[in-house]
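Geometric and topological summary
Listed here are the chains, written in short residue letters.
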Amino acid sequence: MVKEKQDVVIVGAGAAGLTLAARLAEGGQSVTVLEAGPERKLSDLVSSQIWARKLKWAEPAVSESGDHKIGHAVNAGRGTGGSALHHYGVWLRMHEGDFSLYSDHNVGLDWPVSYEELSPHYDQVQAEVGLSGDSVKERWRPEGSPYPMPPLPLFAQSRVLAKGFEKTGRHTSPLPLAINSEPYQGRRSCQYDGWCDAGCPIGALGNPLVVWLPRALAAGVRIEHNATVSRVIRSGQNNQHIESVEYLQDGERKTIQANRIIIAAFAVQSVRILLSSATQQHAAPGNHSDKLGRYLMTHPAATVFGLFDEETYPHQGVPAGQLLNHDDYDKKNAPGGFGSSQWMIGHAIKPHDLLGYGTSRPDITGAELEPWLKRAARHLGNMTLVCEDIALPDNRITLSDKVGTDGIAYAHAHHDLDPAAAARWTQRMSEGADIMRAAGASEVWSGPRIGMHIMGGAVMGNDPAQSVTDANGRVHDTDNLYVAGPALFPSSGAVNPTFTLTALASRQADHLLAAK
Amino acid sequence: MLSPAEAVELDFTPEVLTRDQLTTIETVAEQLVPGSADAGIAAYLDAQLRAGNDSLLIGKYLGVDIPAQIDFYESLASNLQKALQTEQAISEVLSAMWSDTQANWEGPPASYMLFVLRADALDVTYGTPGGFENLGIPYMAHIMPEQPW
């Protein structure tokens, strides 16, 4: 237990939390991180899709409702590294237009920061993490420094699928990845064996355990594991000031004081902690205008599969995929729906598990199954559509009626998909089947629509009446409480969020060090 | 810890579900994914349900807590036992379940329950180094799991 008052307490040891911890400690701040889950080490990252489920969220439980659920149990992580420990490593920048959605289209929300303001942090973070890609071939990429490493090599599956994009007049580029195509800053290069989401124990994937944790520990950061935060506590003298964090550890209720407190516990748990901090005298921090928990988002996504005569060997490569298509990304207003979309192409895939090809065909059973699996193991192609979600006020995280045995209230997440976003998803999925056939697939099918990534709930904005935090992530009605991570996002774009949330954390670190 | 197949050979003692419930589920799992009975689907399900929050069943991905998962498999077994006591062939029962037309089905939709059971059976049959080898896929582990699950 840490008894002395800290400069900074950070809740959550994921990508945002450990980025901030490392940067602030290197800047001379005393930092303690409270992590709800257990300590994770590289040696824990066993190559098994079954064992990998240990890395997923467990307690406090999250219940869900709505016609397009966020999939909290799949998307969230628990333990050192958080959800970034099992992330696939797709690191894409949001496009300029993602930051001005309401101004440009009268839809959703604007960001209080622009791409131009965030761009230097994208550049800084990509150099620290190490990204592989081709900034020239990635013709849709917003302006920024070239990738520090060349792209990963292409395997057979991606070469086959690329033909479908070419034949339908579309383009592909290497998918930018936080995966080493060559040794980088003492970390090894990838072995292309498809175990990323079981956690990469060789350090080729830039997860928090190999990028931020060593720096944080070297700078003196202390991490308290199995420490589930119940609430933050306002000062008795100044109700704008948060003086401490209450947490449960080893069956004991503990508190820790800090000059600044950063809640970086992913979207749902960050909101759960803030909502649980309401008192009879004061609304929950950030909830003075009833915006806390609202604008919850998740990308509508699905995978298109095909079987080919050619050999594709889909076990080779990385689960993220190898190629990218953003041809339609900036056509948010194109007929057929609303929003950006992207294709991630050529995922390394396993026969089982929720995203495995065996699971994708529940209609194949009995004596037909094993011959089909053997064929798919050599001839399958697959690619995933990610569409934009639109921030809606009624998509909301609230406290559940259920309370755990430890007294911590559970969270509930409600999410319906906007009809225009749903229409865009349907349109692009149909196009995806056409692309798969153009590539030569003799049989094409699709997986269900799923919620991929979780964003929003504590959105940042310039207007305190319409948002939870300011442009630096400071909760509006407090002077020292911050939120970090994807909870801040006012819009989702259609790109994977880890690069943007890390760049935001980098920007927050600069702000906090300048204002200390 | 025993592997599922070893547990089968040793005639494991179920602790969460009953022997009858597991036998019924195993029979249907074998129809869906041949080889899953020998791979130890019964022992796998019972051991994972016993593990509480450390359960690795596919239900974890679906955000279903352990008490609800136990209810799920008990309900599945009960429904299957009723269905298999009729004159229907097992293939007819499965067909009716996939189309959610099985008479007197109670609880979650039959097609959803079959989907989950099939995914569990795929895990235990093909989600292991031995299962990969059977499909001709190199496992290529960074760290080989000490146990299949």
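So, here is what we can say about the structure in this document. (Residues numbered from 1 in each chain as written. Chains lettered and ligands numbered in written order. Predicted model: local features only at pLDDT ≥ 70, side-chain atom pairs only at ≥ 80, totals over all residues.)

This part is about the overall build of chain B. Each helix and strand in chain B was counted, giving 8 helices and 0 strands. Tracing chain B from N to C terminus, the helices and strands come up as α-α-α-α-α-α-α-α. Here the C-alpha radius of gyration of chain B, 15 Å, is about what a compact globule of 149 residues would show, namely 15 Å. For chain B, with 149 residues in total, the buried portion stands at 44%. (Helix = DSSP H or I, 4+ residues; strand = E, 2+ residues; numbered from the N terminus. Rg over C-alpha atoms; globule rule 2.2 N^0.38 Å. Buried ≥ 20, exposed ≤ 12 C-beta atoms within 10 Å, placed from the backbone.)

With that settled, consider the overall build of chain A. Counting its regular elements, chain A contains 12 helices and 17 strands. Relative to a compact globule of 516 residues, whose C-alpha radius of gyration would be 24 Å, chain A shows 22 Å and is just as compact. Each principal axis of the C-alpha atoms in chain A carries an extent, and together these give about 70 × 50 × 50 Å. Nonlocal contacts in chain A, meaning residues at least 24 apart in sequence, comprise 75% of its contacts between residues at least 6 apart. (Contact = placed C-beta atoms within 7 Å.)

Note on interface size: it is often stated as the accessible area lost on association of the parts. Listed as interface residues are 30 residues of chain B and, on the opposing side, 37 residues of chain A. For the side of chain B that touches chain A, the secondary-structure elements that each account for two or more residues are α2 (19–32) and α7 (110–126) of chain B. The element that contributes the greatest number of residues to the side of chain B that touches chain A is α7(B), accounting for 6 residues. Grouping the constituent residues of the side of chain B that touches chain A by class yields 20 nonpolar, 6 polar and 4 charged. (Nonpolar A, V, L, I, M, F, W, Y, C, P; charged D, E, K, R; others polar.)

All names here are of chain B. Interhelical geometry of α2 versus helix α5 (residues 66–84) gives an angle of 75° and a closest axis separation of 9 Å. Between α2 and α5, the interaxial angle falls into the category roughly perpendicular. Seen from α2, the contacting residues are Gln 21, Thr 24, Ile 25 and Val 28; seen from α5, they are Tyr 73, Glu 74, Leu 76, Ala 77, Leu 80, Gln 81 and Leu 84. (Axes fitted to C-alpha atoms, helices over the stretch in contact; angles between N-to-C directions. Parallel < 35°, antiparallel > 145°, perpendicular 65-115°, else oblique.)

Summarising the element assignment, A:Ala127 is placed in helix α4 (residues 115–129). Sequence-wise, A:Ala127 and A:Pro146 are 19 residues apart; in three dimensions their C-alpha atoms are separated by 9.7 Å.

So, about the nonpolar core. Of all hydrophobic cores here, the largest spans 207 residues; its most connected members are A:Ala21 and B:Ile25. Contact partners of B:Ile25, with chain neighbours within four places excluded, come to B:Ala42, B:Leu45, B:Tyr73, B:Leu76, B:Ala77, B:Leu80 and B:Leu117. (Core = buried A, V, L, I, M, F, W, Y, C linked by C-beta atoms within 7 Å.)

Residues and elements named next belong to chain A. Despite not being glycine, Phe 266 shows a phi value in the positive range, around 65°. Looking at the secondary structure, you find Phe 266 in helix α8 (residues 266–275). Among the residues examined, Phe 266 registers 31 C-beta atoms within 10 Å and is labelled buried. Even without glycine at this site, Tyr 313 takes up a positive phi of about 45°. Residue placement: Tyr 313 occurs in the loop between β9 (297–307) and β10 (323–325).

This paragraph deals with the environment of A:Arg396. Residues and elements named next belong to chain A. Tracing the backbone through its elements, the reader meets Arg 396 in strand β13 (residues 396–403). The class of Arg 396 is buried, set by 21 C-beta atoms lying within 10 Å. Apart from the residues within four sequence positions on either side, Arg 396 is in contact with Gly 293, Arg 294, Leu 296 and His 414.

Another point: α7(B). Because each turn of an α-helix spans 3.6 residues, side chains separated by three or four positions end up pointing in the same direction. When the terminal C-alpha atoms of α7(B) are compared, their 24 Å separation across 17 residues agrees well with the 24 Å that a helix rising 1.5 Å per residue should span. The element α7(B) is largely enclosed, with a buried count of 14 among its 17 residues. (Expected span 1.5 Å × (residues − 1).)

Residue and element names in this part refer to chain A. Across the sheet, which stays open at both edges, the 3 strands sit in the order β3-β14-β13 with mixed pairing between neighbours. Sheet topology places β3 (62–65) and β13 at the edges, where each strand pairs with a single neighbour. Averaged over all pairs of adjacent strands, the angle between strand axes in this sheet comes to 30°, irrespective of strand direction. Alignment of β13 against strand β14 (residues 409–414), held across 5 bridges, turns out to be antiparallel. Of the residues in β14, the one forming a bridge with Leu 399 is Ala 411. Against the sheet, α8 engages β3, β13 and β14, with an angle of about 65° to β13. (Pairing = 2+ DSSP bridges.)

On to the pairing of strand β6 (residues 228–234) of chain A. All names here are of chain A. Burial runs high along β6: 6 of the 7 residues are buried. Where β6 and strand β7 (residues 242–249) come together, 6 bridges link them in antiparallel fashion. Bridge pairing links Arg 234 to Ile 242 in β7.

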